[in-house]
Every structure is written in structure tokens, then in C-alpha cells.
Amino acid sequence: MTSKDAVLDKADATTVPVAFIDLKAQQARIRDRIEARFQAILDHGAYINGPEVRELEDALCDFTGAPHALAVSNGTDALVIPMMALGIGAGDAVFIPAFTYNATANAVLMQGATPVFVDVCPKHFTMDPEHLESQIQAIKAAGKLTPKMIIPVDLFGIPCDYDAIFQVAKAHDLMVMADAAQSFGAKYDGKWAGNIAPITATSFFPAKPLGCYGDGGAIFFHDKAHRDLCESIRWHGTDDGRKLSVRVGLNGRLDSLQCAVVTEKLRIFPDELARRTEIAERYWDALKDVADPFAVPTKGQSGWGLFTLALDNRDAVQTRLKEAEIPTAIYYQTALHKMPAFVEYAPAGGLPVTERLADRVLSLPMHPYLTDAQVDRVIKAVLGRS
């Protein structure tokens, strides 16, 4: 660090506001390239299904190693479209964690299937394979639903324990679709999110690690036949000529402008991911003694979409950070099985780990444009130091 950088960094500690997610700093870095992309689209006029769509899909495959990708309109459609393709519907049980965003449950219900809520592991917030097994056994014993699919969610950027989940899925002949809405940039067993499960859904909502300037998403596939079927569904279920409806579909396209944005952001993503990892390590080294034990699955690497702690004194810490003008967020204060829309699917006896975490979690500022001085300011505020 130069002397000038040191002065600026010192100034950041007291004078520069801390953003929870800083899209403006990122935009300043790539704005000239984004504007050039937009100009090119204005010139060629293919606002829907322009060359930027295939360019993004190819770039996503190149980055993740997934054989096939499909850009879609949002993260929810990224979950719904594969379920439509696989025939998930009424009478089917789909196993999802209760500690996640409501889109996962909504996607299941939109297909007429039944969400079966599974508890999570206390150390890494993702689906508990042991409780998954017990929930499957319970559904089979009840005999009212047919177990069909597992949707593990890589919460906060942390990959699930996929070895254990795949083992359960194989034992019961269930399909697995990963919900990687928060985990682009995560790895498990050396594979990037997008190439871990047979099918993976992700989101490009602006606040995600890889986001666009509106709604957007993508689906990753190991099987080309699944990809081709989902491509038809994405375009109203039409044939290759886009004229004849051959199946039920929806308008799930991602427009050329948003694809251009994500493609440009993907170019700087490795650098941003490295900085996210540095910040997460700095946070954890300083805060590990005041939070619950935290871990990423043995074979996993987090993408650090969010940095979340579980704290005894969550509300007091959040108030202290607010007084220091440091933004925080709580994901998720109400577990899915406690929400009015989903309470009828709540398991008997509740989900103790999920319910405990909902009362304790707090997400700190996390983005690649935080300075070390800003990170230290956050840490001091969490610890109650001036």
C-alpha cells in the first residue's frame, strides 16, 4: 500500500459510508463497457434473443464447467422451468429447507406439488441430510404423497453437503436440483456451483454475487435433452420455429440487455470473488469468538454472497451497528414454515435449528469494494469497540 492509499484507507474508516452492497462502485468500474454493449444492442435491435443471450450462456458454461446453460427471466423461473420439464406436479413431494427465501417454496407450489420442509445444519445453515432422510421416510410412511425431488439451497453462498444429499437421493431414487441463487462462485469437491448437481438454478437479481440491472437468472444442466426441453418451455412451449405450441410453457426469456450486463460482470467476477473471500476471512478471524461456531462443508468453498453470523445478542449488535451508520440485514427472520402462506405444510414439532437461527442471524456488509478500513470499522462495531 502506498502512502496515498494509506491516507485514503484511513479516511475511509471514519468518513466514507459503508454500503451493505455497493453496486455503484462496481458500475463505475465497468460503465464504459456496459454503455458500449447497450449501444451495440441499440444498433442491431435484437432486444429479445439477440446474440448476447448465447454469448452469456457460453460464458457461464466456460466459467462453471457445466456442459449446458440457459438464461432465463429470473431466479424463480429458473426453479419452475426444470420442474415443468420433469413433470413435477400434484401429489409429488419436493423437499426444501425452511431456512431460505420464499421463492423456493413458491416455485414448488406453482407446480401444484407439496413442499416438505427440512431443517438445516446449525454450522453452515444448509439442508441437514439426516433430517432430509427422516422427512423422506415420514412422507413414505404417510402414503399420501410421492417423494420426487430434493432442492437443496446454498444459503449465503455456502454450498450444501452434496455428497450426503446425493447419497440420500440415490437411496430413494429422487431427483436433485440445486438452488444456487446466492452461491454463484461457490465450489464443492472442486466443482463450481452450476456444475455440482444435475440441474442448478441461479439468480441474477442485482444484489446477488453475479447480478444484472433488473431480474434475471440461469439454469445449468448436465443433460442436453433437459436443456433443450427447458429452452422450449422458456419460449411458451413452442417448437424450434417458435410458432407451434408443443407443450405448456411460459415467457421465461432473459433479454439481450440484461445478458450483456451479466457477461461484463462475469469478466471481473474472479477478482471480485477473491476480494469477497479476503473480507470474509478478515471478518471471521476477528469475530469467531462472539458468534456461534461456523463452518463450510468439508469439500466446500463459499462464494460469500452474504456474510452471516449467528449471535446471542443479535438485536443489540444490530442496534449498535445502526448507531454507527453501518447497514445490516436479517435473512431470514421468519422461517418458511412459520409464514401464513406455508404454515399448512409445517412439520409436526417444528424445525428447531431453523427456528433458532431465525432469531440469531445477522448479515454484515459484504461486497468486493469494501476497504480494509471499512471492514475494521464493521468489526469494531460488532465487538462494541470505539
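Note that the structure is a prediction, hence the values are computed from the model and not measured.

About the cut-offs
Residues numbered from 1 in each chain as written. Predicted model: local features only at pLDDT ≥ 70, side-chain atom pairs only at ≥ 80, totals over all residues. Heavy atoms only, no water. Disulfide = S-S within 2.5 Å. Phe/Tyr/Trp six-rings, centres within 6.5 Å; stacked < 30°, edge-to-face > 60°. Helix = DSSP H or I, 4+ residues; strand = E, 2+ residues; numbered from the N terminus. Buried < 20%, exposed > 50% of the residue type's maximum accessible area, 1.4 Å probe, protein only. Lys, Arg positive; Asp, Glu negative; His and termini not counted. Salt bridge = Lys/Arg side-chain N within 4 Å of Asp/Glu carboxyl O. Contact = heavy atoms within 4.5 Å. Axes fitted to C-alpha atoms, helices over the stretch in contact; angles between N-to-C directions. Parallel < 35°, antiparallel > 145°, perpendicular 65-115°, else oblique. Left-handed = near helix turned anticlockwise from the far one by under 90°.

A. Here's a closer look at the state of the cysteines. Under the defined criterion, the tally for this structure stands at zero disulfides. Free of any disulfide, Cys-61 has its nearest neighbouring cysteine sulfur in Cys-259, separated by 13 Å. Not part of a disulfide, Cys-160 finds its nearest cysteine sulfur in Cys-121, a span of 8.6 Å.

B. Spotlight on the packing of aromatic side chains. One pass over the full model with this rule turns up 17 aromatic pairs. Residues Phe-99 and Phe-156 carry aromatic rings whose centres are separated by 6.2 Å and whose planes lie at 85° to one another, so their mutual orientation is edge-to-face. Highlighted residues: Phe-99 in the loop between β2 (92-97) and α5 (103-110) and Phe-156 in the loop between β4 (146-150) and α7 (162-172), separated in sequence by 57 residues. An identical accessibility class is assigned to Phe-99 and Phe-156; each is buried. Ring geometry for Tyr-162 against Tyr-188: centres 5.7 Å apart, planes inclined by 70°, an arrangement best described as edge-to-face. Here Tyr-162 is found in helix α7, whereas its partner Tyr-188 is found in strand β6 (residues 187-188), with 26 residues between them in sequence. On the basis of relative accessible area, Tyr-188 is assigned to the buried category, the value being 4%.

C. Geometry of the side chain of Glu-272. Locating Glu-272 in the fold gives a position in helix α9 (residues 256-287). Buried within the structure, Glu-272 lacks any salt-bridge partner; its nearest side chain of opposite charge belongs to Arg-29, at an N-O separation of 4.5 Å. Once residues within four sequence positions are removed from consideration, Glu-272 is found in contact with Gln-26, Arg-29, Pro-209, Pro-368 and Tyr-369.

D. Representation of the packing of helix α2 (residues 23-44) against α9 within the structure. Two numbers describe how α2 lies on α9: the axes approach to 9 Å, and their chain directions differ by 140°. Relative to α9, α2 is oriented oblique. With respect to the hand of their crossing, α2 and α9 are arranged in right-handed fashion. Along its contact with α2, which presents Leu-23, Gln-26, Arg-29, Ile-30, Arg-33, Ile-34, Arg-37, Phe-38 and Ile-41, the element α9 presents Ser-256, Leu-257, Ala-260, Val-261, Thr-263, Glu-264, Lys-265, Arg-267, Ile-268, Asp-271 and Glu-272.

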